[in-house]
Amino acid sequence: MLAPLATPNPDLPGGPPLGDAEFDAIAAIMQSDARIHLVIAKKTLVHGRLSRRLRMHGLETFRDYVRLVGQDPAERAAMVVALTTNHTHFFRENHHFEHFRNVAMPAIKTAARTRPVRIWSAGCSSGEEVYSIAMCLLGTDRASAGWLRGADVKLLATDLAPHVVESVKRGVYSDSVVAPIPDAYRRAWVRPAGNDFEIAPEAREMVTARVLNLFEAWPMRQRYDAIFCRNVMIYFDDRAKAELEHRLVEMLLPGGHLYIGHSERLVGPATTVMESCGQTIYVKPGGAA
């Protein structure tokens, strides 16, 4: 997701000026490839991040860079990743996790006795969200995780940016990053790893991390008991939001829950299907998860 931006200044030191025509070309690619709506207020961000790409390729102008992106699919993909920001933390928007524990999990535990359970963290960033979900499922000690023995419960974590997907797979975080984890969860499922900390194998083994563009074809065929797609859609226009939300709802089982970001809302067809059951929490009617 794109970070907030101060007053634009396209002629900052460290790179050549970014002209309006080049900005418009870059914005068109972001809209086409990632459905991210870049407004002119993001010009400083674009300039700062892509100036690094120009230096890396030895280019002197943004016109040259736009030409390169038009000819090189790998650089085009790298540009899209460079213009996304992955910001999150453990147990962010904690009311979602309270709802997940208190409302969604009882139905999930019941379902896990007879069928596979699947949960998706869409736009997972570096993994703090999906491992927060995993710790909720595991509970605050090994005894509370007993219900998972023999159960088929898997979590999918996807993101557009390959480098953050690799972070999910590693499951290693600094002391400051793991600090928001509640003490009981941290004692049970976080281990020292040199100067850092790693998520315990019991949690990492539940998670599959994959690169995925949310606006391309999805390879998944199963439907999900819960989907977390939070603080991802705030940079899309309403048409893109409606399309994505409709697809997410289609991937939910009846009784499944959708969690979106605190400043996001449902638009389009999803509003006729989902029922609100909390602050930016929705349930798909039709049965228990």
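Novice: Can you break down helix α7 (residues 162-170) residue by residue, with the values?
Specialist: Looking at α7, one finds that the buried residues are Val164, Val165, Ser167 and Val168. Seen along its axis, α7 keeps its buried residues to an arc of 150 degrees; they face one direction. Lining the buried residues of α7 we find α6 (128-138), β2 (153-159), β3 (172-173) and β6 (207-211). Following α7 by one or two positions, glycine 171 has its phi on the positive side, about 65 degrees.

Novice: An account of the sheet that holds strand β4 (residues 190-193) is requested, with residue identities and associated values reported.
Specialist: What the three strands build is an open sheet, ordered β3-β5-β4; its pairing is antiparallel. Looking at the sheet topology across the chains shown, the edges are occupied by β3 and β4.

Novice: Tell me what's going on with the pairing of strand β7 (residues 224-229), and back it up with residues and numbers.
Specialist: Counted residue by residue, β7 has six buried out of six residues, so it is predominantly covered. Direction of pairing for strand β1 (residues 117-122) relative to β7: parallel, over a ladder of three bridges. What sits directly across from isoleucine 119, in β7, is alanine 226. Crossover β7 to strand β8 (residues 252-260) through helix α11 (residues 238-250) is right-handed.

Novice: Give a detailed account of the sheet that holds β1, specifying residues and quantitative values.
Specialist: Strand order in the open sheet formed by seven strands is β6-β2-β1-β7-β8-β10-β9, and the pairing between neighbours is mixed. Bordering the open sheet on either side are β6 and β9 (275-278), each of which pairs with just one other strand. Across the sheet, the axes of successive neighbouring strands diverge by a mean angle of 20 degrees, strand direction being ignored. With five bridges connecting them, β2 and β6 associate as parallel partners. By the bridge assignment, leucine 156 is partnered in β6 with threonine 208. Seen against the sheet, helix α5 (residues 94-111) touches β1, β7, β8, β9 and β10 (281-283) and runs at an angle of roughly 165 degrees to β8. On top of the sheet, α7 reaches β2 and β6; it is set at about 170 degrees to β6, its chief contact.

Novice: Give me the lowdown on the packing of aromatic side chains, citing residues and values where you can.
Specialist: Considering all chains together, one arrives at eleven aromatic pairs under this definition. Ring centres of phenylalanine 97 and phenylalanine 228 lie 5.8 Å apart, and the angle between their planes is 20 degrees; this geometry places the pair in the stacked category. Pair noted here: phenylalanine 97 is in helix α5 and phenylalanine 228 is in strand β7, with a separation of 131 residues, a long-range link. Given a relative accessible area of 0%, phenylalanine 228 falls into the buried group. Put simply, the rings of Phe91, Phe97, Phe100, Tyr185, Phe228 and Tyr259 touch in pairs and so form one group of aromatic residues. Here the guanidinium or amino end of arginine 186 rests over the ring plane of phenylalanine 197, the centre of that ring lying 5.1 Å away. Over the face of the ring belonging to tryptophan 218 we find arginine 247, whose NZ or CZ atom lies 3.9 Å from the ring centre.

Novice: So, the side chain of lysine 43: which residues are in play, and what are the values?
Specialist: Its place among the elements puts lysine 43 in helix α2 (residues 43-57). Residue classification places lysine 43 among the buried residues on the basis of a relative accessible area of 7%. Looking at lysine 43, its side chain comes within polar contact range of the side chain of aspartate 20, at 2.5 Å.

Novice: Which residues make up the pairing of β9, and what values do they have?
Specialist: Note that β9 and β10 share three bridges and pair antiparallel. Pairing of glutamate 275 across the sheet is with valine 283, part of β10. Taking the residues between adjacent antiparallel strands as the criterion, β9 and β10 are bridged by two residues, where threonine 280 takes a positive phi near 55 degrees.

Novice: Go over unusual backbone geometry, please, and point to the residues and values.
Specialist: At arginine 35, a residue that is not glycine, the phi angle is positive and equals roughly 60 degrees. Turning to its location among the elements, arginine 35 is positioned in the loop between α1 (20-34) and α2. Residue arginine 35 is classed as buried on the basis of its relative accessible area of 14%.

Novice: Go over the side chain of glutamate 264, please, and point to the residues and values.
Specialist: Considering the arrangement of structural elements, one finds glutamate 264 in the loop between β8 and α12 (270-273). The side chain of glutamate 264 is buried and forms no salt bridge, while lysine 241, the nearest opposite charge, is found at 7.4 Å. At 3.1 Å, the side chain of glutamate 264 forms a polar contact with the backbone nitrogen of asparagine 231. Of note is the side chain of glutamate 264, whose polar atom sits 2.5 Å from the backbone nitrogen of glycine 261. Not counting residues within four places of it along the chain, the set of residues in contact with glutamate 264 comprises Cys229, Arg230, Asn231, Val232, Met233, Ile234 and Thr280.

The rules behind these values
- Residues numbered from 1 in each chain as written.
- Predicted model: local features only at pLDDT ≥ 70, side-chain atom pairs only at ≥ 80, totals over all residues.
- Heavy atoms only, no water.
- Buried < 20%, exposed > 50% of the residue type's maximum accessible area, 1.4 Å probe, protein only.
- Helix = DSSP H or I, 4+ residues; strand = E, 2+ residues; numbered from the N terminus.
- Arc of directions from axis to C-beta.
- Contact = heavy atoms within 4.5 Å.
- Pairing = 2+ DSSP bridges.
- Right-handed = clockwise from strand over helix to strand, strands pointing away.
- Axes fitted to C-alpha atoms, helices over the stretch in contact; angles between N-to-C directions.
- Phe/Tyr/Trp six-rings, centres within 6.5 Å; stacked < 30°, edge-to-face > 60°.
- Lys NZ or Arg CZ within 6 Å of the ring centre and 35° of its normal.
- Polar contact = N/O pair within 3.5 Å; in protein donor to acceptor, adjacent residues only side chain to side chain.
- Lys, Arg positive; Asp, Glu negative; His and termini not counted.
- Salt bridge = Lys/Arg side-chain N within 4 Å of Asp/Glu carboxyl O.

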